[in-house]
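# Observations on chain architecture
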Amino acid sequence: MDFQDSASEAEVRADARAWLAANLPDAEARRSMGYGVADEAAALALAKTWQARKADAGWACMHWPAQYGGRGASPIERLIFEEEERRAGAPTGFFEIGLGMAGPTLQAYASEEQKASLLPRMLRGQDVWCQLFSEPAAGSDLAALRMRAVRDGDDWVLTGQKTWTSGAHYADYGIIVARSDPSLPKHRGLTFFFVDMRSPGITTRQIRQITGPADFDDVFFDEVRVADSQRLGAVGAGWQVALTTLMNERLSLGDVARPGYEELVARLRMSEIGGRPALEQADIAARVTDWHVRSRGVAFTRARIITALSRGQEPGPEASILKLASTAMFQEIADFATGLEDQGGVLLAEDRQAGVADFQFAYLFSPSFRVAGGTDQILRNIIAERVLGLPPEPRVDKDVPFNS
Amino acid sequence: MDFGFSDEQIALRDQARRVLTARDALGAARRVTEAGLDHDAALWGEIRALGWPAITIPERHGGLGLGPVDLCVVAEELGRSLAPTPFATNLYLAAEALMLDGASEAAARWLPLLAAGEASGTVAIAEGRGELTPEALATRIDGTRIDGVKVAAPDGLAADFALVLARDAAAGGASLALVELGGKGVCRQPEATIDPSRGHAELRFAGAPCTVLGRAGDGWGLWNRLRDRAAVPFAFEAIGGAQACLEAAIGWARERHTFGRPIGSYQAIKHTLADMFVAIELARSNAYYAAWALSVDAPQLTGAAASARIAATDAFWLAARENLQIHGGLGFTHESDCHLFYRRAKLLAVNLGGPRFWRARLAGEIMAGRAELER
Ligand SMILES: Cc1cc2nc3c(=O)[nH]c(=O)nc-3n(C[C@H](O)[C@H](O)[C@H](O)COP(=O)(O)OP(=O)(O)OC[C@H]3O[C@@H](n4cnc5c(N)ncnc54)[C@H](O)[C@@H]3O)c2cc1C
């Protein structure tokens, strides 16, 4: 049992820290490339420059194989760099869906040629990828999707609608699941592809969120031709491929959203309420200690997962709890921190990145984390059924032809 | 970083689980509860024969000199099986206190006996209902004599000595003093508690001879350092207990049918079980960190121990009450095991100070900036 860096890990950490200190864009530039700023195109351009700089120095996706631009780093080394990025306040965003979900799916299913041409570009931030899974009638129940894929010679023709697709309006590529055989039961008639988002017949329409900006889109496919060579996995095996993607989504050990526990404590340590230090007040201390224990629990659970991976084991069932545990806390903390500001807690700021109303924006943003990428309820179902082995829900539509 | 049990520790855990299952430790807890015993002598004999009481005691005092993580591995299994023995009191508390002051004569005398399982110790802190403060301490040391009444001393009936927290006017504070319980001036009697699977006693001292442990006047500080350390293996016991509740509840949820379906197929049950699982895993992760902090005496130990304590006792409370709930009417019967865990959950939530104390202790560490994860 050792929580400390080994000598070689400490070296990686020191390297990462030094490189970030020397290369991190200044605070102003970091703000202008954050999510939700007014000028999205400018932010994306800045983020691409930063991603390329990381790639040049060998820090981008350092756990990927060298031939795709990584350096075959261990899970622990990857965690160390991510910790240092977070500590330094390095920008994230724009590339997570590509690097965290599309990348691993391509690595598992694409041809060598495709991997050699697509993965290095993805890693450098040259291409942005999106995930075209959800539809108006298929979210939690993803296998109920209706997007049609009809074989036509060497091509497939895709028609239908996707929705809630983050970044579709600026993405270069997307991964997509479509129904290739409606006469089969719902999980069996699906096929998985990647598509060029500039293909004729694709239109995107931005959807405005409760936070103001429009980060996600409706995406309409009107007889879009996709080469059969862009199919990932066998015809009819789309569900298995999608599960690979989703597994990586839950495994991409990514950030706990900010501002969260650390930011709350930093603020409370400086605050007095009613003339007394905030943290000395029992009601505040009770809440804060609760979040302390939970946020540390999440961080240490991540350390257990990384340890399992680096011992060459599959992560145990504990991996399934990270998202459920951290997103609820993010929302609770935002609610609490804004409430502490009393009547002033209602005030938003013009500029989301200005740093004066972070918890207010978090309050507005936080519900999305409990929905996207598996809702709280679905995650509890998954834990109960797959991890704890409880009997499945009765499913009336499981074994009947989709079009019946 | 290598944040998990080693292969040897996993082997130790498996051995512990095998033995405690084969010896039906849970059945022993029921027997002790029903017969009003202090502990289960046969099981305690078995544990002594296996050498577990020597685990953390240094070799120069006749122990095995293993680390706190090894102790935690065993603690989790003892908690899972509710093993009714003085192991925890002896090792996490009595031996640990003597080791905090390892140079003392008392350590040289008692540690080898504790390691061999030939003697037992207890700690006597509480004096009644309510949070004890240094000001409220009524037990008094006068030179080498002690007077006062202590309650809820764990395994106090079987113990050969007690470490007693008392006001020490001469030293200008409180001291922790060792009192031999077989001698004169000591009167003890069993107490009824919420968890009868573990014996507790009232100890009355009337001019009993005592020796101060550590620096006179530093008793309160010593007790706080001691409970930081003891909180870690006790957190593992709570996690073991919570895990046993989760497994029992899952078993019943798959077996019991209502309205033509197993109750485990209803989301109200499923989601409760998922919440238990999440709470237990978060607690386990906190406990790992505390075990590591204890093993290297990290400056974050107090915060880490408090976090592990809070997470583990909360998880056990959740798991124990929902396990009982999921068992329905059966869960409320004496015949089911649910209540044994429900009882133990309360004991482990208050035995080193209640939830309020630990939250305040953690808040103090957070405020002082000592609970950071800086690497
Ligand atoms: C910010 C954001 C970004 C997103 N980005 C993407 C993206 O890039 N690509 C993409 O494909 N999708 C994306 N999504 C979509 C997201 O994956 C879905 O919203 C999510 O899976 C839920 O599906 P739904 O919206 O259809 O809700 P529904 O599935 O209709 O759920 C509605 C409610 O019913 C509950 N519910 C549903 N089924 C059950 C059940 N069996 N048991 C108990 N309760 C149940 C849910 O938990 C929820 O509370 C994004 C969503 C958000 C909010």
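Criteria and cut-off values
Residues numbered from 1 in each chain as written. Chains lettered and ligands numbered in written order. Predicted model: local features only at pLDDT ≥ 70, side-chain atom pairs only at ≥ 80, totals over all residues. Heavy atoms only, no water. Helix = DSSP H or I, 4+ residues; strand = E, 2+ residues; numbered from the N terminus. Rg over C-alpha atoms; globule rule 2.2 N^0.38 Å. Buried < 20%, exposed > 50% of the residue type's maximum accessible area, 1.4 Å probe, protein only. Contact = heavy atoms within 4.5 Å. Lys, Arg positive; Asp, Glu negative; His and termini not counted. Charge placed at Lys NZ, Arg CZ, Asp CG, Glu CD. Near = heavy atom within 4 Å. Polar contact = N/O pair within 3.5 Å; in protein donor to acceptor, adjacent residues only side chain to side chain. Areas by Shrake-Rupley, 256 points an atom, 1.4 Å probe, with all protein chains shown as cover. Nonpolar A, V, L, I, M, F, W, Y, C, P; charged D, E, K, R; others polar. Domains from an automatic or database assignment. Buried area = accessible area lost by both parts, 1.4 Å probe. Salt bridge = Lys/Arg side-chain N within 4 Å of Asp/Glu carboxyl O. 1 Å grid on protein atoms, 1.4 Å probe; cavity = no way out; pocket = protein on both sides within 12 Å on 5 of 7 lines; lining within 4 Å. Points joined across faces, edges and corners; volume = space filled by probe spheres on them. Core = buried A, V, L, I, M, F, W, Y, C linked by side-chain atoms within 4.5 Å.

### Notes on the overall build of chain B
Along chain B, the regular secondary structure elements total twelve helices and ten strands. Taken over C-alpha atoms, the radius of gyration comes to 21 Å for chain B, in line with the 21 Å a tight globule of 375 residues would show. Expressed along its principal axes, the backbone C-alpha trace of chain B runs to roughly 70 × 50 × 40 Å. Looking at chain B residue by residue over its 375 residues, the buried ones come to 59%. Look at the contacts in chain B between residues 6 or more apart in sequence, and 73% of them connect residues 24 or more apart. Put simply, chain B has 38 plus and 44 minus side-chain charges, and the middle of one group is 4 Å from the middle of the other.

### With respect to the site of the ligand
Around the ligand, a shell composed of 19 residues is seen, among which Q131, S140, W164 and T375 of chain A together with Q267 of chain B lie nearest. More than a single chain frames the ligand: its nearby residues are located in chains A and B. A distance of 2.7 Å separates a nitrogen atom of the ligand from a polar backbone atom of Q131 of chain A. The side chain of N381 of chain A places a nitrogen or oxygen atom 3.4 Å from a nitrogen atom of the ligand. When the ligand sits alone it has 970 Å² of accessible area, and the protein chains cover 66% of it. Tallied by class, the residues present in the shell around the ligand amount to seven nonpolar, twelve polar and no charged.

### Re the domain arrangement of chain B
Residue and element names in this part refer to chain B. In terms of domain boundaries, chain B breaks down into domain 1 (7–119), domain 2 (122–216) and domain 3 (220–374). Inter-centroid distance (C-alpha atoms) of domain 1 to domain 3 is 21 Å. At the interface, 21 residues of domain 1 touch 30 residues of domain 3. Sorting the residues of domain 1 by area buried against domain 3 places R30, R80 and L82 first, and these three jointly supply 26% of that buried surface.

### Comments concerning the interface of chain A and chain B
At the interface, 57 residues of chain A touch 44 residues of chain B. Contact between chain A and chain B buries roughly 4700 Å² in total, counting both sides, with carbon and sulfur atoms accounting for 63%. The largest contributions to the chain A side of the interface with chain B come from M1, F3 and R304 of chain A, which together make up 19% of the buried area. At the boundary of chain A and chain B, one finds six salt bridges.

### Focus on the environment of A137 of chain A
Topologically, A137 of chain A is positioned in the loop between strand 1 (129–132) and strand 2 (148–152). Setting aside anything within four residues of it in sequence, one finds A137 of chain A in contact with A144 and R146 of chain A.

### Some thoughts on empty space enclosed by the protein
Counted by the stated rule, this structure contains two cavities of 30 Å³ or more. Considering only enclosed or pocket space, the largest cavity measures out at about 60 Å³ in volume. Around the largest cavity, the lining residues are H292, R296 and F300 of chain A together with N286, Y289, Q300, G303, A304, S307, A371, E372 and L373 of chain B. Elements with a minimum of two residues in the lining of the largest cavity: helix 9 (282–310) of chain A together with helix 8 (267–296) and helix 9 (301–326) of chain B.

### Some remarks on unusual backbone geometry
With omega at -5°, the peptide bond leading from R258 of chain A into P259 of chain A counts as cis. Of note, P259 of chain A is situated in the loop between helix 7 (238–251) and helix 8 (261–270). Even without being glycine, F94 of chain A reaches a positive phi, approximately 70°. Summarising the element assignment, F94 of chain A is placed in the loop between helix 4 (75–88) and helix 5 (96–109). Look at F94 of chain A and you get buried, because its relative accessible area is 7%. Here A152 of chain B, not a glycine, exhibits a phi torsion of approximately 55°, which is positive. If you trace the backbone, A152 of chain B turns up in strand 3 (residues 145–154).

### Let's talk about the pattern of salt bridges
As enumerated under the stated definition, the model contains 57 salt bridges over all chains in all. R269 of chain A serves as the salt-bridge partner of E372 of chain B, at 2.8 Å between the closest nitrogen and oxygen. On the criterion of chain membership, the pair formed by E372 of chain B in the segment after helix 12 (355–367) and R269 of chain A in helix 8 is interchain, its members lying in two chains. Using a relative accessible area of 30% as the deciding quantity, one classes E372 of chain B as partly exposed. Because the salt bridges share partners, they merge into one network encompassing D5, R13, R17, E83, E84 and R87 of chain A.

### Quick word on the nonpolar core
Counting residues in each nonpolar core, the largest one holds 162 residues, and the members touching the most others are W52, F87, Y92, L98 and L273 of chain B. The element that contributes the greatest number of residues to this core is helix 7 (residues 219–255) of chain B, accounting for 20 residues. Core analysis: the second largest hydrophobic core is formed by 39 residues, A47, Y68, F95 and A242 of chain A among them.

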